[in-house]
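Structural overview for review
These are the residues of each chain, in order.
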Amino acid sequence: MKQVTVFRGEENGPATPDAVPRDLVRADWTHRTSRSERPARVTLAVYAADPVLRVGVVQQLRPRPEIDLVDADDAGSARVSLVVVDHVDDDVAALLSRLRHNSATRTGLVIGTLGAGGLQRVVECGVTAVLRRAEADQDQLLRLVLATGNGEGMLPGDLLGDLLHHVGGLRRSALDPGALPLSTLTTREADMLRLVSEGMDTAEIARKTSYSERTVKNVLHEVITRLQLRNRAHAVGYALRNGLI
(Lines give C-alpha, C1' and ligand atoms only; values in the text may rest on other atoms or scores of the structure.)
Protein backbone atom coordinates (compact mmCIF):
# COMPACT_ATOMS: atom_id res chain seq x y z
CA MET A 1 0.00 0.00 0.00
CA LYS A 2 1.42 3.33 -1.00
CA GLN A 3 1.96 6.04 1.59
CA VAL A 4 -0.56 8.86 1.55
CA THR A 5 0.88 11.85 3.36
CA VAL A 6 -0.65 14.96 4.81
CA PHE A 7 0.83 18.42 4.33
CA ARG A 8 2.66 19.74 7.38
CA GLY A 9 2.43 23.47 7.70
CA GLU A 10 5.90 23.68 9.25
CA GLU A 11 7.72 22.16 6.24
CA ASN A 12 10.64 24.18 4.97
CA GLY A 13 10.12 25.88 1.65
CA PRO A 14 10.58 29.13 -0.22
CA ALA A 15 9.77 32.34 1.60
CA THR A 16 6.03 32.97 1.55
CA PRO A 17 3.59 34.99 3.66
CA ASP A 18 3.17 31.95 5.92
CA ALA A 19 6.91 31.95 6.59
CA VAL A 20 6.46 35.14 8.63
CA PRO A 21 5.93 34.41 12.35
CA ARG A 22 2.23 33.89 12.92
CA ASP A 23 2.03 36.50 15.71
CA LEU A 24 3.45 39.16 13.37
CA VAL A 25 0.99 38.27 10.65
CA ARG A 26 -1.89 38.52 13.09
CA ALA A 27 -0.65 41.81 14.52
CA ASP A 28 -0.33 43.35 11.07
CA TRP A 29 -3.79 42.10 10.08
CA THR A 30 -5.28 43.55 13.24
CA HIS A 31 -3.67 46.90 12.51
CA ARG A 32 -5.21 47.04 9.04
CA THR A 33 -8.60 45.40 9.65
CA SER A 34 -11.01 45.46 12.55
CA ARG A 35 -11.96 42.15 14.13
CA SER A 36 -15.52 42.27 12.78
CA GLU A 37 -14.25 42.82 9.21
CA ARG A 38 -11.88 39.86 9.07
CA PRO A 39 -13.02 37.16 6.64
CA ALA A 40 -13.46 33.71 8.14
CA ARG A 41 -10.51 31.50 7.18
CA VAL A 42 -11.15 27.94 6.10
CA THR A 43 -8.87 25.46 7.84
CA LEU A 44 -7.47 23.07 5.24
CA ALA A 45 -5.55 19.78 5.32
CA VAL A 46 -3.99 18.60 2.04
CA TYR A 47 -3.53 14.87 1.42
CA ALA A 48 -1.53 13.51 -1.52
CA ALA A 49 0.16 10.29 -2.54
CA ASP A 50 2.73 12.22 -4.55
CA PRO A 51 4.81 14.93 -2.78
CA VAL A 52 5.07 16.86 -6.05
CA LEU A 53 1.29 17.10 -6.33
CA ARG A 54 1.06 18.18 -2.69
CA VAL A 55 3.67 20.91 -3.07
CA GLY A 56 2.02 22.26 -6.20
CA VAL A 57 -1.38 22.63 -4.54
CA VAL A 58 0.05 23.97 -1.29
CA GLN A 59 2.11 26.63 -3.03
CA GLN A 60 -0.97 27.88 -4.86
CA LEU A 61 -3.17 28.03 -1.77
CA ARG A 62 -0.62 29.15 0.83
CA PRO A 63 -0.77 32.89 -0.05
CA ARG A 64 -4.58 33.07 -0.03
CA PRO A 65 -5.93 34.91 3.03
CA GLU A 66 -9.11 32.79 2.91
CA ILE A 67 -7.12 29.62 3.66
CA ASP A 68 -5.44 28.45 6.86
CA LEU A 69 -3.28 25.42 6.09
CA VAL A 70 -3.02 23.14 9.13
CA ASP A 71 -0.25 20.75 10.10
CA ALA A 72 -0.57 16.99 10.49
CA ASP A 73 -1.45 17.15 14.19
CA ASP A 74 -4.54 19.26 13.45
CA ALA A 75 -5.52 17.60 10.16
CA GLY A 76 -8.39 15.70 11.76
CA SER A 77 -10.11 18.92 12.80
CA ALA A 78 -9.68 20.77 9.49
CA ARG A 79 -12.90 22.11 8.04
CA VAL A 80 -11.86 20.90 4.58
CA SER A 81 -9.74 17.90 3.59
CA LEU A 82 -8.38 18.20 0.05
CA VAL A 83 -7.25 14.93 -1.53
CA VAL A 84 -4.95 15.29 -4.54
CA VAL A 85 -4.34 12.15 -6.62
CA ASP A 86 -3.73 10.89 -10.15
CA HIS A 87 -6.65 8.47 -10.04
CA VAL A 88 -8.90 6.69 -7.56
CA ASP A 89 -7.66 3.26 -6.52
CA ASP A 90 -8.43 1.14 -3.46
CA ASP A 91 -5.99 3.06 -1.24
CA VAL A 92 -7.49 6.42 -2.18
CA ALA A 93 -11.03 5.08 -1.72
CA ALA A 94 -10.05 3.88 1.76
CA LEU A 95 -8.73 7.35 2.62
CA LEU A 96 -11.91 9.01 1.33
CA SER A 97 -14.02 6.62 3.37
CA ARG A 98 -12.05 7.42 6.54
CA LEU A 99 -12.49 11.13 5.94
CA ARG A 100 -16.21 10.64 5.33
CA HIS A 101 -16.60 9.29 8.85
CA ASN A 102 -14.90 12.35 10.33
CA SER A 103 -17.78 14.73 11.11
CA ALA A 104 -15.39 17.67 11.56
CA THR A 105 -14.31 17.77 7.91
CA ARG A 106 -15.71 17.86 4.39
CA THR A 107 -13.76 16.35 1.51
CA GLY A 108 -12.85 17.79 -1.89
CA LEU A 109 -10.99 15.93 -4.62
CA VAL A 110 -8.43 17.08 -7.19
CA ILE A 111 -7.83 14.27 -9.65
CA GLY A 112 -5.84 13.58 -12.81
CA THR A 113 -8.23 11.12 -14.44
CA LEU A 114 -11.54 9.77 -13.25
CA GLY A 115 -11.98 6.37 -14.86
CA ALA A 116 -15.17 4.55 -15.76
CA GLY A 117 -17.40 4.36 -12.69
CA GLY A 118 -15.01 6.61 -10.78
CA LEU A 119 -17.55 9.35 -10.13
CA GLN A 120 -20.01 7.01 -8.50
CA ARG A 121 -17.23 5.58 -6.37
CA VAL A 122 -16.06 8.93 -5.00
CA VAL A 123 -19.65 10.10 -4.42
CA GLU A 124 -20.24 6.93 -2.41
CA CYS A 125 -17.21 7.97 -0.34
CA GLY A 126 -18.83 11.32 0.51
CA VAL A 127 -17.07 13.58 -2.03
CA THR A 128 -19.30 16.29 -3.52
CA ALA A 129 -16.68 18.64 -4.99
CA VAL A 130 -14.34 17.44 -7.73
CA LEU A 131 -11.79 19.30 -9.86
CA ARG A 132 -9.62 17.91 -12.62
CA ARG A 133 -5.92 18.61 -12.15
CA ALA A 134 -5.67 20.06 -15.65
CA GLU A 135 -8.06 22.82 -14.53
CA ALA A 136 -6.60 23.30 -11.06
CA ASP A 137 -5.25 26.84 -11.16
CA GLN A 138 -5.24 28.98 -8.02
CA ASP A 139 -8.71 30.43 -8.54
CA GLN A 140 -10.32 27.06 -9.25
CA LEU A 141 -8.58 25.46 -6.26
CA LEU A 142 -9.81 28.25 -4.00
CA ARG A 143 -13.32 27.90 -5.40
CA LEU A 144 -13.22 24.16 -4.73
CA VAL A 145 -12.05 24.59 -1.12
CA LEU A 146 -14.63 27.28 -0.32
CA ALA A 147 -17.45 25.31 -1.96
CA THR A 148 -16.46 22.20 -0.01
CA GLY A 149 -16.28 24.14 3.24
CA ASN A 150 -19.77 25.52 2.63
CA GLY A 151 -21.18 22.08 1.90
CA GLU A 152 -21.79 22.90 -1.75
CA GLY A 153 -21.31 20.61 -4.74
CA MET A 154 -18.84 21.31 -7.54
CA LEU A 155 -18.36 19.02 -10.53
CA PRO A 156 -17.09 19.41 -14.11
CA GLY A 157 -20.03 19.75 -16.50
CA ASP A 158 -19.66 16.33 -18.12
CA LEU A 159 -19.43 14.57 -14.75
CA LEU A 160 -22.49 16.43 -13.51
CA GLY A 161 -24.39 15.14 -16.54
CA ASP A 162 -23.32 11.56 -15.74
CA LEU A 163 -24.41 11.96 -12.13
CA LEU A 164 -27.81 13.39 -13.07
CA HIS A 165 -28.33 10.55 -15.52
CA HIS A 166 -27.54 8.00 -12.82
CA VAL A 167 -29.80 9.68 -10.25
CA GLY A 168 -32.59 9.84 -12.83
CA GLY A 169 -32.26 6.13 -13.43
CA LEU A 170 -32.53 5.44 -9.70
CA ARG A 171 -35.65 7.58 -9.51
CA ARG A 172 -37.29 5.77 -12.43
CA SER A 173 -36.48 2.46 -10.77
CA ALA A 174 -38.14 3.58 -7.52
CA LEU A 175 -41.29 4.74 -9.36
CA ASP A 176 -41.56 1.58 -11.46
CA PRO A 177 -39.87 -1.34 -9.68
CA GLY A 178 -41.26 -3.84 -12.22
CA ALA A 179 -39.45 -2.24 -15.13
CA LEU A 180 -35.91 -2.96 -16.30
CA PRO A 181 -34.36 0.51 -16.29
CA LEU A 182 -30.72 1.44 -16.63
CA SER A 183 -30.38 1.49 -12.86
CA THR A 184 -30.72 -2.32 -12.75
CA LEU A 185 -26.96 -2.00 -13.08
CA THR A 186 -24.86 0.63 -11.37
CA THR A 187 -22.65 2.79 -13.55
CA ARG A 188 -19.62 0.80 -12.43
CA GLU A 189 -21.28 -2.54 -13.16
CA ALA A 190 -22.45 -1.42 -16.60
CA ASP A 191 -18.99 -0.08 -17.47
CA MET A 192 -17.32 -3.34 -16.47
CA LEU A 193 -19.81 -5.48 -18.41
CA ARG A 194 -19.29 -3.26 -21.43
CA LEU A 195 -15.55 -3.94 -21.19
CA VAL A 196 -16.22 -7.67 -20.84
CA SER A 197 -18.30 -7.44 -24.02
CA GLU A 198 -15.24 -5.95 -25.73
CA GLY A 199 -13.22 -9.05 -24.88
CA MET A 200 -11.22 -7.68 -21.95
CA ASP A 201 -10.13 -9.96 -19.12
CA THR A 202 -9.99 -9.09 -15.41
CA ALA A 203 -6.50 -7.57 -15.52
CA GLU A 204 -7.33 -5.41 -18.54
CA ILE A 205 -10.57 -4.18 -16.97
CA ALA A 206 -8.70 -3.33 -13.75
CA ARG A 207 -6.17 -1.21 -15.65
CA LYS A 208 -8.89 0.49 -17.70
CA THR A 209 -11.08 1.39 -14.72
CA SER A 210 -8.36 2.03 -12.10
CA TYR A 211 -9.84 -0.60 -9.80
CA SER A 212 -7.97 -3.58 -8.37
CA GLU A 213 -8.46 -7.00 -10.00
CA ARG A 214 -10.13 -8.16 -6.80
CA THR A 215 -12.68 -5.33 -7.03
CA VAL A 216 -13.40 -6.18 -10.68
CA LYS A 217 -14.02 -9.83 -9.77
CA ASN A 218 -16.26 -8.85 -6.86
CA VAL A 219 -18.32 -6.41 -8.92
CA LEU A 220 -18.90 -8.89 -11.74
CA HIS A 221 -19.68 -11.68 -9.27
CA GLU A 222 -22.25 -9.41 -7.58
CA VAL A 223 -23.98 -8.75 -10.92
CA ILE A 224 -24.09 -12.43 -11.83
CA THR A 225 -25.39 -13.41 -8.39
CA ARG A 226 -27.97 -10.62 -8.05
CA LEU A 227 -29.46 -11.18 -11.51
CA GLN A 228 -29.27 -14.98 -11.12
CA LEU A 229 -27.10 -15.46 -14.19
CA ARG A 230 -24.61 -18.24 -14.97
CA ASN A 231 -21.40 -16.47 -15.93
CA ARG A 232 -19.92 -13.30 -17.44
CA ALA A 233 -21.05 -14.16 -20.97
CA HIS A 234 -24.59 -14.69 -19.72
CA ALA A 235 -24.43 -11.35 -17.87
CA VAL A 236 -23.26 -9.53 -21.00
CA GLY A 237 -26.04 -11.10 -23.08
CA TYR A 238 -28.64 -10.17 -20.46
CA ALA A 239 -27.42 -6.57 -20.30
CA LEU A 240 -27.40 -6.22 -24.09
CA ARG A 241 -30.92 -7.67 -24.50
CA ASN A 242 -32.32 -5.29 -21.90
CA GLY A 243 -30.50 -2.21 -23.13
CA LEU A 244 -28.39 -1.88 -19.98
CA ILE A 245 -25.09 -1.46 -21.83
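In the block above lies the structure referred to throughout.
On a predicted model such as this, the values are computed, not experimentally measured, just so you know. (Residues numbered from 1 in each chain as written. Predicted model: local features only at pLDDT ≥ 70, side-chain atom pairs only at ≥ 80, totals over all residues. Heavy atoms only, no water.)

Some points on the packing of aromatic side chains
To keep it simple, the criterion reads: Ring geometry is summarised as follows: Phe, Tyr and Trp rings, the Trp one being its six-membered ring, pair when their centres sit within 6.5 Å, and such pairs are stacked at plane angles under 30 degrees, edge-to-face over 60 and tilted between the two. Each ring is checked for a lysine NZ or an arginine CZ that lies within 6 Å of its centre and within 35 degrees of its normal; such an atom marks a charge sitting over the ring.
Per the counting criterion, the structure on display carries zero aromatic pairs. Its guanidinium or amino end placed over the ring of Tyr-211, Arg-188 lies 5.2 Å from that ring's centre, counting from NZ or CZ.

What about the pattern of salt bridges?
Definition in use: Here, a salt bridge means any side-chain nitrogen of Lys or Arg that lies within 4 Å of a carboxyl oxygen of Asp or Glu. Secondary structure elements follow DSSP: runs of H or I of four or more residues count as helices, runs of E of two or more count as strands, with numbering from the N terminus. Residue burial is assigned from relative accessible area. The probe radius is 1.4 Å, only protein chains are included, and a residue is buried under 20% of its type maximum, exposed over 50%, and partly exposed in between.
Applying the stated rule across the entire model yields six salt bridges. A salt bridge links Asp-191 to Arg-194; the nearest nitrogen and oxygen atoms lie 2.8 Å apart. Placement of the pair is Asp-191 and Arg-194 together in helix H7 (residues 187-197), with a separation of three residues, close to one helical turn. Asp-191 gets classed as buried once you look at its relative accessible area, which sits at 15%. Residues joined in a network through salt bridges with shared partners are Arg-64, Glu-66 and Asp-139.

Examining unusual backbone geometry
With a phi close to 70°, Ser-210 is a non-glycine residue in the positive phi region. On the secondary structure map, Ser-210 appears in the loop between helix H8 (202-209) and helix H9 (213-226). You will see that Gln-228, though not glycine, has its phi angle at about 55°, which is positive. Within the secondary structure layout, Gln-228 lies in the loop between H9 and helix H10 (232-241).

So, the side chain of Thr-202
Our working rule: Polar contacts, as counted here, are pairs of nitrogen or oxygen atoms within 3.5 Å of one another; within protein the pair requires one atom able to donate a hydrogen and one able to accept it, and residues that are adjacent in sequence qualify only if both atoms are side-chain atoms. Contact definition: two residues touch when any of their heavy atoms are within 4.5 Å.
Structurally, Thr-202 can be placed in helix H8. Judged by its relative accessible area of 11%, Thr-202 is buried. A polar atom in the side chain of Thr-202 sits 2.9 Å from the side chain of Arg-232. In this view, Thr-202 contacts Glu-213, Val-216, Lys-217 and Arg-232; residues no more than four positions away in its chain are not counted.

Digging into the environment of Gln-140
For Gln-140, the position within the fold is in helix H5 (residues 138-149). For Gln-140, a relative accessible area of 26% gives the class partly exposed. For Gln-140, the contacting residues outside a window of four places in its chain are Leu-131, Glu-135 and Met-154.

Worth remembering: the numbers are spatial, not functional.
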